[in-house]
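Here is what each chain is made of, one letter per residue.
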Amino acid sequence: MRLGVLDIGSNTVHLLVMDAHRGARPLPAYSHKVELRLAEHMDDGDRLSEEGAARLREHVEEALRLAEDKGVEDLMAFATSAVREAVNGEEVLGRLNAETDVDIQVLSGQDEARLTFLAVRRWFGWSSGRLLVLDIGGGSLEIASGIDEQPDVAVSLPLGAGRLTRDCFTADPPPAQEVRALRRHVRAEIARMVGDVARYGRADHAVATSKTFRQLARITGAAPSNEGNAIRRVLRHADLVEWTDRLARMDVSERAELPGVSEGRAPQLPAGAIVADATMDLFGVGELEVCPWALREGVILRRLDSMPER
């Protein structure tokens, strides 16, 4: 059957359509993404503005029309940190659900980590052993580790690349003292969680998902996305250390000219690199393999698992 997943994130509203049935690998059929940047549409720092709510409705309605045009039989819609943390998030979603007849669920940070972990496990399989999965979003950092399809531990920290850029940098390029302050803050936050994750055992395979990690891997030498998902792509910590410093010294226009870096994501790449560097360092990871599947695929896989066999 044709399934759709609508992902309302901090940076984008993304519709992914896949052809799938139980026991088979889901195949992508269509993708539509718009940059909304909900986290920038907040009044008083924590209330989604009327303009933001109106633009969200506009993009959701567009995604629903496209899903219908593409023959989607079952659509799953979810929102992550920007809506989750807005004081009026439930109110906005309640109106949106009533007006569009779509059931948008708010995922917790731990649910994000668990579903992303499921997608990574299915992609790499059981032979990869204990997985450590890292995902840097616009609003949060997710960390999960385990040997089964459900992780032993799933952690979400408010260390998203977009959030940190807005909250911690006052200029572009950011002043050196702000970069140092952010580095200290990020490392302190992650260090508190290392023991909770590491006590289950060292990972056999460390994996990264998310646009931030894909862009960092690309600028450090990984193959471009147009060469397909079958190619192995890695991010090496030794390369990342050098680029973390370089990115913080570049302005946004210089970053946007780097291979694989979109104009919309260029502003938050220095903060994302600081988080990636800290996470790899504190967990003792020399190399991360980039997984093409992440949260959206995890949502679809969980839905397939819950469907009765025909």
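Residues numbered from 1 in each chain as written. Predicted model: local features only at pLDDT ≥ 70, side-chain atom pairs only at ≥ 80, totals over all residues. Heavy atoms only, no water.

Draft legend 1. Expanded view of the overall build of the protein. Helices and strands together make up the secondary structure of the protein, namely eleven helices and 13 strands. Here the C-alpha radius of gyration of the protein, 19 Å, is about what a compact globule of 310 residues would show, namely 19 Å. Overall, the protein is about 50 × 50 × 35 Å in size when its C-alpha atoms are taken along their principal axes. In the protein, buried positions account for 54% of the 310 residues. In the protein, of all internal contacts separated by at least 6 residues, the share reaching a separation of at least 24 is 68%. Treating the 39 positive side-chain charges of the protein as one cloud and the 50 negative ones as another, the clouds have centres 5 Å apart. (Helix = DSSP H or I, 4+ residues; strand = E, 2+ residues; numbered from the N terminus. Rg over C-alpha atoms; globule rule 2.2 N^0.38 Å. Buried < 20%, exposed > 50% of the residue type's maximum accessible area, 1.4 Å probe, protein only. Contact = heavy atoms within 4.5 Å. Lys, Arg positive; Asp, Glu negative; His and termini not counted. Charge placed at Lys NZ, Arg CZ, Asp CG, Glu CD.)

Draft legend 2. The arrangement of the pairing of strand S6 (residues 74-79) in detail. The buried fraction of S6 is high, at five of six residues. Two elements, strand S1 (residues 2-8) and S6, share six bridges in a ladder whose sense is parallel. If you follow Leu6 over to S6, its bridge partner there is Ala77. Bridging between S6 and strand S7 (residues 104-106) involves three bridges; their strand directions are parallel. Residue pairing across strands places Phe78 opposite Gln105, the latter belonging to S7. (Pairing = 2+ DSSP bridges.)

Draft legend 3. How the structure looks around helix H6 (residues 176-198). Under the 1.5 Å per step criterion, the end-to-end length of H6 is 32 Å for 23 residues, consistent within 8% with the ideal 33 Å. By the largest-angle criterion, Arg192 marks the main kink of H6, which is about 30°. Those residues of H6 not exposed but buried are Glu178, Val179, Leu182, Val186, Arg187, Glu189, Ile190, Val194 and Val197. Those residues of H6 that are buried lie in contact with strand S8 (131-136), strand S9 (141-146), strand S10 (153-157), helix H5 (161-168), helix H8 (237-249) and helix H10 (269-282). (Expected span 1.5 Å × (residues − 1). Bend = angle between axes of the 7 residues up to and from the residue.)

Draft legend 4. Molecular detail of unusual backbone geometry. The omega torsion across Asp172 and Pro173 is 0°, close enough to zero to call that bond cis. Note on placement: Pro173 falls in the loop between H5 and H6. For Arg37, which is not glycine, the phi torsion reads 55° and is therefore positive. Looking at the element boundaries, Arg37 is found in the loop between strand S3 (27-35) and strand S4 (42-43). Taking the relative accessible area as the measure of exposure, Arg37 reaches 14% and is therefore buried. In this model, Ser210 sits at a positive phi of 95°, which is unusual for a non-glycine residue. Along the chain, the position of Ser210 falls in the loop between strand S11 (205-209) and helix H7 (211-219). Residue class for Ser210 comes out buried when judged on its relative accessible area of 8%.

Draft legend 5. Spotlight on the nonpolar core. If you look at the biggest cluster of nonpolar residues, it comprises 46 residues, and the most contacted ones within it are Val186, Ile190, Leu216 and Leu247. Here this core takes eight residues from H10, the largest share from any one element. Apart from the residues within four sequence positions on either side, Ile190 is in contact with Leu141, Leu157, Leu159, Val275, Ala278, Thr279, Leu282 and Phe283. One finds Val13, Ala39, Ala77 and Val83 within the second-largest nonpolar core, a separate group that totals 28 residues. (Core = buried A, V, L, I, M, F, W, Y, C linked by side-chain atoms within 4.5 Å.)

Draft legend 6. View of helix H1 (residues 50-69). Its 20 residues place the ends of H1 29 Å apart at the C-alpha level, agreeing with the 28 Å of an ideal helix rising 1.5 Å per residue. Of all the residues in H1, the buried ones are Gly52, Ala53, Leu56, His59, Val60, Ala63, Leu66 and Ala67. All buried residues of H1 project into a common sector of 150° when viewed along the axis, lining one side. In H1, the exposed positions that point more than 90 degrees away from the buried face belong to Glu50, Glu51, Arg65, Glu68 and Asp69. (Arc of directions from axis to C-beta.)

Draft legend 7. Region of interest: the sheet that holds strand S2 (residues 12-19). A sheet is described by the order of its strands in space; here five strands give the open sequence S3-S2-S1-S6-S7, paired in mixed fashion. The two strands at the open ends of the sheet, each matched to only one other strand, are S3 and S7. With strand direction ignored, the average angle separating the axes of adjacent strands in the sheet is 20°. Bridge count between S1 and S2: seven bridges; the pairing is antiparallel. The residue bridging Arg2 from the neighbouring strand is Asp19, located in S2. Sheet strands in contact with H1 are S1, S2, S3 and S6, and its direction is about 160° off that of S3. (Axes fitted to C-alpha atoms, helices over the stretch in contact; angles between N-to-C directions.)

Draft legend 8. Just the layout of surface pockets, in detail. Roughly 1,300 Å³ of volume is contained in the largest pocket. Contributing to the lining of the largest pocket are 50 residues, with Ser210, Lys211, Arg214, Pro292 and Arg296 lying nearest its centre. Looking at the lining of the largest pocket, the elements with two or more residues in it are S2, S3, helix H4 (109-124), S8, H7 and helix H11 (295-306). With five residues, the top contributor of residues to the lining of the largest pocket is H7. Class assignment of the residues belonging to the lining of the largest pocket gives a composition of 18 nonpolar, 19 polar and 13 charged. (1 Å grid on protein atoms, 1.4 Å probe; cavity = no way out; pocket = protein on both sides within 12 Å on 5 of 7 lines; lining within 4 Å. Points joined across faces, edges and corners; volume = space filled by probe spheres on them. Nonpolar A, V, L, I, M, F, W, Y, C, P; charged D, E, K, R; others polar.)

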